[in-house]
Amino acid sequence: MIGQGHEPRTDDRDVGRSVTSKLSNGSRSVAAAAAAWGAFSIGSQRARAGGGGFDPDLVLLIDRITGGFSVAEYAHAASLGYDGYLAEQLDYESLIGANDPDLQARLVPYDTQNMTSLEILQTYSPMNMSGIALFQATTIQMVSAVYAKAQLYHRMFQFWNHHLNIDINSSGAQRFLLWPFLRDVVLANAMTSVPDLIRASAHGGAMMLYLNNNTNVSTAPNENYARELMELHTLGLDNGYTQTDIEELARILTGWSVCLSGGGCNGGTLEYGDFRFRSNVHDTGNKTLLGIPITGQSGAAGEMEGEQAITILVEHENAADFFARKLCRFFLGGLSIDYDPPEDIVQLVKWTYLNSNPIGDIRSMLSVILQRDVLSTHAVPKFRRPYDLTTAALRAIDANVIVTHPAFMPSLRFLMNLMGMHPNFWGPPNGPLDSKAWSEGGMISRWGYVDAVSRGLINDVSPFSVTQLLASVGATAPGTQAQGLSDLLTGGRMSPQEVQSVQDFIGFGTVTEAGLKEALGLAMSLPSYQFI
């Protein structure tokens, strides 16, 4: 399995065997994909939208800021124009909560969505059903990525979730702590400012537990969180700090912890899962971070040392460069983790970080990267990660995802797991890779997923008609279906060779719905869909 994927969970295995059994019957589309893949250029310049009247720049924007292209999303975006659609997505507050009743209705079955960590613990721990809390934490993310109006907002949630990666299996308690952290820290700050996000993360009980800062005490400093706070969360690897800085930051953060008592902490003023500062284990001596002296404090004032340290880190020039570069990589593309985005754009985004009000304003940086001239000129091919492929396929077919099992979306999660990636099941704190590495040895599972979606083999997805989907783009006549699939899936981005390959697969006479479903699977298997 590629990357750091995990074996399917016990709760998924019966479903997994059923799905695998169906896939083992084989499909012409999987065989055709394997035969055709090598015939097309992999990782060449991203194909531009062709026929059908699609604006290639708008198609590109949708590909990069949403959970996946769909004809419906394109129609909405086209009605606003490129700048209008981007402005709408940046104004995410107008698209969330009560302003998105469809998403709210779809999230109703997931009762943990508004629970505190204590409520999740009290509801599911007594029944030994912590797996339900675990599955809901990942399923809520997927449902939102597929159906939310605020697509850029949830795309940024994914970006920051990976940036602040927490493995849900790092401890048993994490199953109760993670979703409130994702909701109240990551999602709540996905488009506010970097300093707000990092500060909220440092006060997140789930993060304190995951990176062991709850064991960071003056008599035995634990450097784990201090190291990752600089290396992964703010400055970047070996970017302007030393081992001494890590040791000093660990001292500064002694006492930063989490309440893990079901009865509460600090005389009941804190609840299970809340951030907790333990002044009695804080190192009160003076410290120096990145050459800046920090005066040691005792009692409750000791917490302010950590606040000062976070300000030093998030306002550092190297942090601005680190975030600018990472955001450019995410949105402008690149097949390798070593991809270097255009330096002039990086410097402009870095300048924006340092000079925005507030500093590190996320929407200001996105406005630079996503403006038409920048994106259309500098975007390079990007490989869909398993999570992205999962949501994109569902959006393309206008899927109706349904709750069919107490574990919630077990078939979809099982197939995504086979591809090597599952939300918050990534062991190392670096988060899932954003590169073409997912294709190395993993294409069969990817083709298997889109084949299962296309042929209606997934219990979590209601039956749908490819004939009707093609009718929605005016492609029902013999010889037009392949171009119709190109329009439907990619906004006309499939190359002429790919369109011809799919049409040859379909034929030029009468075709059945089953045949069209296999053709849909083939089209989703080709480079123009696997890359964006």
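Residues numbered from 1 in each chain as written. Predicted model: local features only at pLDDT ≥ 70, side-chain atom pairs only at ≥ 80, totals over all residues. Heavy atoms only, no water.

**What about the overall build of the protein chain?**
Okay, step 1: Counting secondary structure elements, the protein chain contains 26 helices and 4 strands.
Okay, step 2: Relative to a compact globule of 532 residues, whose C-alpha radius of gyration would be 24 Å, the protein chain shows 24 Å and is just as compact.
Okay, step 3: Counting only C-alpha atoms and orienting by the principal axes, one finds that the protein chain spans roughly 80 × 55 × 40 Å.
Okay, step 4: A buried classification covers 59% of the 532 residues belonging to the protein chain.
Okay, step 5: Restricting to contacts in the protein chain with at least 6 residues of sequence separation, those with at least 24 account for 73%.
Okay, step 6: Summed over all atoms, the accessible surface of the protein chain reaches about 19,000 Å², with 52% contributed by carbon and sulfur.
Okay, step 7: Computed over 35 positive and 52 negative side-chain charges, the inter-centroid distance for the protein chain is 5 Å. (Helix = DSSP H or I, 4+ residues; strand = E, 2+ residues; numbered from the N terminus. Rg over C-alpha atoms; globule rule 2.2 N^0.38 Å. Buried < 20%, exposed > 50% of the residue type's maximum accessible area, 1.4 Å probe, protein only. Contact = heavy atoms within 4.5 Å. Areas by Shrake-Rupley, 256 points an atom, 1.4 Å probe, with all protein chains shown as cover. Lys, Arg positive; Asp, Glu negative; His and termini not counted. Charge placed at Lys NZ, Arg CZ, Asp CG, Glu CD.)

**Quick look at helix α8 (residues 151–163)**
Okay, step 1: Its 13 residues place the ends of α8 18 Å apart at the C-alpha level, agreeing with the 18 Å of an ideal helix rising 1.5 Å per residue.
Okay, step 2: Among the 13 residues that make up α8, 13 are buried, leaving the element largely enclosed by the rest of the structure. (Expected span 1.5 Å × (residues − 1).)

**Details of the nonpolar core**
Okay, step 1: Membership of the largest hydrophobic core comes to 172 residues, with the highest contact counts inside it found for Met156 and Tyr449.
Okay, step 2: The leading source of residues in this core is helix α7 (residues 130–147), at 11 residues.
Okay, step 3: Dropping the residues within four chain positions of it, tyrosine 449 is found in contact with Leu389, Thr390, Ala393, Leu394, Leu412, Leu415, Met419 and Ile458. (Core = buried A, V, L, I, M, F, W, Y, C linked by side-chain atoms within 4.5 Å.)

**Describing the packing of α7 against helix α9 (residues 174–187)**
Okay, step 1: As a packed pair, α7 and α9 sit with axes 8 Å apart at the nearest point and diverge in direction by 25 degrees. By the criterion of interaxial angle, the relationship of α7 to α9 is roughly parallel. The handedness of the crossing between α7 and α9 is left-handed. Between α7 and α9, the residues in contact are Ser130, Gly131, Ala133, Leu134, Ala137, Ile140 and Gln141 and Arg175, Phe176, Trp179 and Leu182, respectively. (Axes fitted to C-alpha atoms, helices over the stretch in contact; angles between N-to-C directions. Parallel < 35°, antiparallel > 145°, perpendicular 65-115°, else oblique. Left-handed = near helix turned anticlockwise from the far one by under 90°.)

**What to know about the packing of aromatic side chains**
Okay, step 1: Overall, the coordinates contain 13 aromatic pairs when judged by the stated rule.
Okay, step 2: With a centroid separation of 4.6 Å and 15 degrees between ring planes, the pair formed by tyrosine 92 and tyrosine 153 is classed as stacked. Residue tyrosine 92 is found in the loop between α4 (71–90) and α5 (101–106), and its partner tyrosine 153 is found in helix α8; the two are separated by 61 residues along the sequence.
Okay, step 3: With relative accessibility at 7%, the residue tyrosine 153 sits in the buried group.
Okay, step 4: Between phenylalanine 159 and tryptophan 160, the aromatic rings sit 4.8 Å apart at their centres with planes inclined by 80 degrees, giving edge-to-face as the arrangement. The exposure classification of phenylalanine 159 matches that of tryptophan 160, with both residues buried.
Okay, step 5: Counting every residue linked through ring pairs, the aromatic cluster contains Phe159, Trp160, Phe322, Phe323, Phe330, Phe331 and Tyr353.
Okay, step 6: Against the face of tyrosine 147 rests arginine 106, its NZ or CZ located 3.7 Å from the ring centre. (Phe/Tyr/Trp six-rings, centres within 6.5 Å; stacked < 30°, edge-to-face > 60°. Lys NZ or Arg CZ within 6 Å of the ring centre and 35° of its normal.)

**A look at the confidence of the model for the protein chain**
Low-pLDDT stretches of the model should not have their predicted coordinates read in fine detail.
Okay, step 1: Per-chain confidence: the protein chain averages 91 in pLDDT, with 92% of residues scoring 70 or above.
Okay, step 2: Within the model, pLDDT remains below 50 along residues 1–13, and this stretch shows 36 contacts once partners closer than five positions in the same chain are excluded. (pLDDT = per-residue confidence, 0-100.)

**Description of the side chain of threonine 254**
Okay, step 1: By secondary structure assignment, the location of threonine 254 is in the loop between α13 (243–252) and β1 (256–258).
Okay, step 2: With near-sequence residues (within four places) excluded, threonine 254 lies in contact with Asn216, Val217, Ser218, Phe277, Val281, His282 and Asp283.

**Thoughts on the environment of lysine 149**
Okay, step 1: Inspection of the secondary structure puts lysine 149 in the loop between α7 and α8.
Okay, step 2: Among the polar contacts made by the side chain of lysine 149, one reaches the main-chain carbonyl oxygen of asparagine 99 at a distance of 2.9 Å. (Polar contact = N/O pair within 3.5 Å; in protein donor to acceptor, adjacent residues only side chain to side chain.)

**A look at the environment of leucine 237**
Okay, step 1: Among the structural elements, leucine 237 can be located in the loop between α12 (224–234) and α13.
Okay, step 2: Judged by relative accessible area, which is 57%, leucine 237 ranks as exposed.
Okay, step 3: Taking the C-alpha atoms as reference points, leucine 237 and leucine 375, separated by 138 residues in sequence, lie 27 Å from one another.

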